[in-house]
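The chain contents come next:
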Amino acid sequence: MDLPYLRQQIDSIDTKLVSLLNERARVSLNIGKTKKTLDTSSSSSSSIQRETTKEQENHVYAPGREKQIFEKLQLLNFGPLTSDSLCAIYREIMSASISLQKEISIAYFGPEGSHTHQMASEKFGDSLHYVSELTIPDVFDAVECGRTTYGIIPFENSTFGSVVTTLDRFVSSKVQIRAETYLRINHSLLSNSELSNIKRVYSHPQAFGQCQKWLDANLKDVDYVDASSTSKAAQLAAAEPHAASISSIKCAQLYGLNVLYRDIEDAKDNVTRFFILATSSDAPTSDDKTFILFTVDHRQPGALCDALKVFKDHNINLTQIDSRPSRQRPWHYVFFVELQGHKDCEDVKSALTELNQFCLDVKVLGSYPNQRPES
């Protein structure tokens, strides 16, 4: 086969692809119109059901449907494109389709170049509008106040554990978790000085914790200064002589820093889990998780044990447990529990109803499709 003929084939295929992509986009627009029609025709339901349905249908981002599409793509794919490449292409197709249905904005934590910004871009694609927020509470506020449609925040790291600022803000927040997503984290030491001349290192506390062994071996006698994010750390290091930051490679490009050392994280399978925040959770799928918080009367012996036993009695598996000071009084704690199942499914609803008998407060923070990568 000659080169002109092969290029002619590519041109012909591209013509068909453009036509099919626009046909898909028109169907996506019809889905948006159908959702609006459903909103106005739900008057026969109870007021609570109508409100729940309206909240779910108002969201063009449906993580359950997204997961279903990506799983189907992998089954349909026989190469030569890898499944990762195919999913990346469809990520942008879906991003463009979402932007046609409704103007969408995403709040993320940190200046441009933060790992949260990277995760937001990988999750939602290039067709949506992104809004940088200085702190994690600011992301919560952006979604609560309606400044943005969604928000994305770090929740926990496989090496250094939970992000306590996220847990603390959930206590008073009205937002709901709509999805979870995971990102492999690689840290680099960035600076415009030689390693021997560095006197101060900036980074987020989570990044310091994830790189502690490397720092102890290579930069033991310098000042460590906490920054609000790894990208903010890069900004600070770029403006100060003899300073460095632990940040992403992207930050080196954005803020004019040299990459002194790559991949300095202690664990090479270093992964951070993020939550996507919205005004409501998605509808149930066949594989969901639910995140709740509760408090118990610590003066009652076995109060926490009684609360946790509810889930065993209902055959519900717990996948994460954490606690934070309640800030109501000393030595009183809020417990956070992630469980398998969706808050709208009968077994979980029944367990949460019984849980109220053993707790002072119970709050459901959201349900979302299980996206945990296979080990």
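Residues numbered from 1 in each chain as written. Predicted model: local features only at pLDDT ≥ 70, side-chain atom pairs only at ≥ 80, totals over all residues. Heavy atoms only, no water.

Asks: Would you explain the overall build of the protein in this entry?
Replies: Within the protein one finds 13 helices and 15 strands. Considering only C-alpha atoms, the protein reaches an extent of 65 × 60 × 35 Å along its principal axes. At a minimum sequence separation of 6, the contacts of the protein that also span at least 24 residues come to 76%. Total accessible area on the protein is roughly 19,700 Å²; 52% of this is exposed by carbon and sulfur atoms. (Helix = DSSP H or I, 4+ residues; strand = E, 2+ residues; numbered from the N terminus. Contact = heavy atoms within 4.5 Å. Areas by Shrake-Rupley, 256 points an atom, 1.4 Å probe, with all protein chains shown as cover.)

Asks: Just to check I follow, could you spell out the nonpolar core for this structure?
Replies: The tendency in soluble globular proteins is for nonpolar side chains to be buried as a group. By size, the foremost hydrophobic cluster in this structure holds 22 residues, and its most contacted members are F170, I177, F275, L277, F291 and F336. Contributing elements (two or more residues each) for this core: β1 (105-109), α6 (136-144), β3 (150-157), α7 (164-172), β11 (271-278), β12 (288-295), β14 (333-340) and β15 (361-369). With five residues, the single largest contributor to this core is α6. For F336, the residues in contact, after removing those within four places along its chain, are L167, F170, V171, F291, I292, L293, Q320, I321, D322, S323, R324 and L365. (Core = buried A, V, L, I, M, F, W, Y, C linked by side-chain atoms within 4.5 Å. Buried < 20%, exposed > 50% of the residue type's maximum accessible area, 1.4 Å probe, protein only.)

Asks: Help me understand the packing of helix α12 (residues 303-313) against helix α13 (residues 346-355) in this model?
Replies: Describing two packed helices takes the angle between their axes plus the distance from one axis to the other. Running from N to C, α12 and α13 point in directions that differ by 160°, and their axes come no closer than 9 Å. The angle between the axes of α12 and α13 places the two elements in the roughly antiparallel class. Read as a crossing pair, α12 and α13 show a hand that is right-handed. Of α13, the residues touching α12 (which contributes A307, V310 and F311) are A351, E354 and L355. Per-class residue counts for the contact of α12 with α13 are five nonpolar, no polar and one charged. (Axes fitted to C-alpha atoms, helices over the stretch in contact; angles between N-to-C directions. Parallel < 35°, antiparallel > 145°, perpendicular 65-115°, else oblique. Left-handed = near helix turned anticlockwise from the far one by under 90°. Nonpolar A, V, L, I, M, F, W, Y, C, P; charged D, E, K, R; others polar.)

Asks: Whenever I open this one, the side chain of N77 confuses me. Can you help?
Replies: You can see N77 is positioned in the loop between α3 (63-76) and α4 (83-101). Judged by relative accessible area, N77 falls into the buried class, the value being 19%. There is a polar contact of 2.9 Å between the side chain of N77 and the backbone oxygen of L81. Those residues in contact with N77, other than ones at most four positions away along the chain, are T82, S83 and L86. (Polar contact = N/O pair within 3.5 Å; in protein donor to acceptor, adjacent residues only side chain to side chain.)

Asks: Explain the sheet that holds strand β7 (residues 200-203) here, please?
Replies: Within a sheet, each strand pairs with its neighbour through backbone hydrogen bonds, oriented either parallel or antiparallel. Judged by pairing direction, the sheet is mixed, and its five strands sit side by side in the order β8-β7-β9-β6-β10 without closing on themselves. Of all the strands in the sheet, just β8 (223-226) and β10 (258-261) have a single pairing partner and so form its edges. For this sheet, the mean angle separating the axes of adjacent strands, direction not counted, is 35°. Pairing geometry for strand β6 (residues 188-191) and strand β9 (residues 243-247), over four bridges, is antiparallel. Residue pairing across strands places L190 opposite S245, the latter belonging to β9. The strands touched by helix α10 (residues 230-238) are β7 and β9; relative to β9, the strand with the most contacts, the crossing angle is about 160°. (Pairing = 2+ DSSP bridges.)

Asks: Sorry, what's going on with the packing of aromatic side chains here?
Replies: The relation between two aromatic rings is expressed through the spacing of the ring centres and the mutual angle of the planes. On inspection of all chains with the given rule, the structure shows 14 aromatic pairs. Plain terms: the ring middles of Y61 and Y150 are 5.8 Å apart, the flat faces sit at 75° to each other, and that makes the pair edge-to-face. Placement of the pair is Y61 in the loop between α2 (47-58) and α3 and Y150 in strand β3, with a sequence separation of 89 residues. Assessed through its relative accessible area of 2%, Y61 is described here as buried. (Phe/Tyr/Trp six-rings, centres within 6.5 Å; stacked < 30°, edge-to-face > 60°.)

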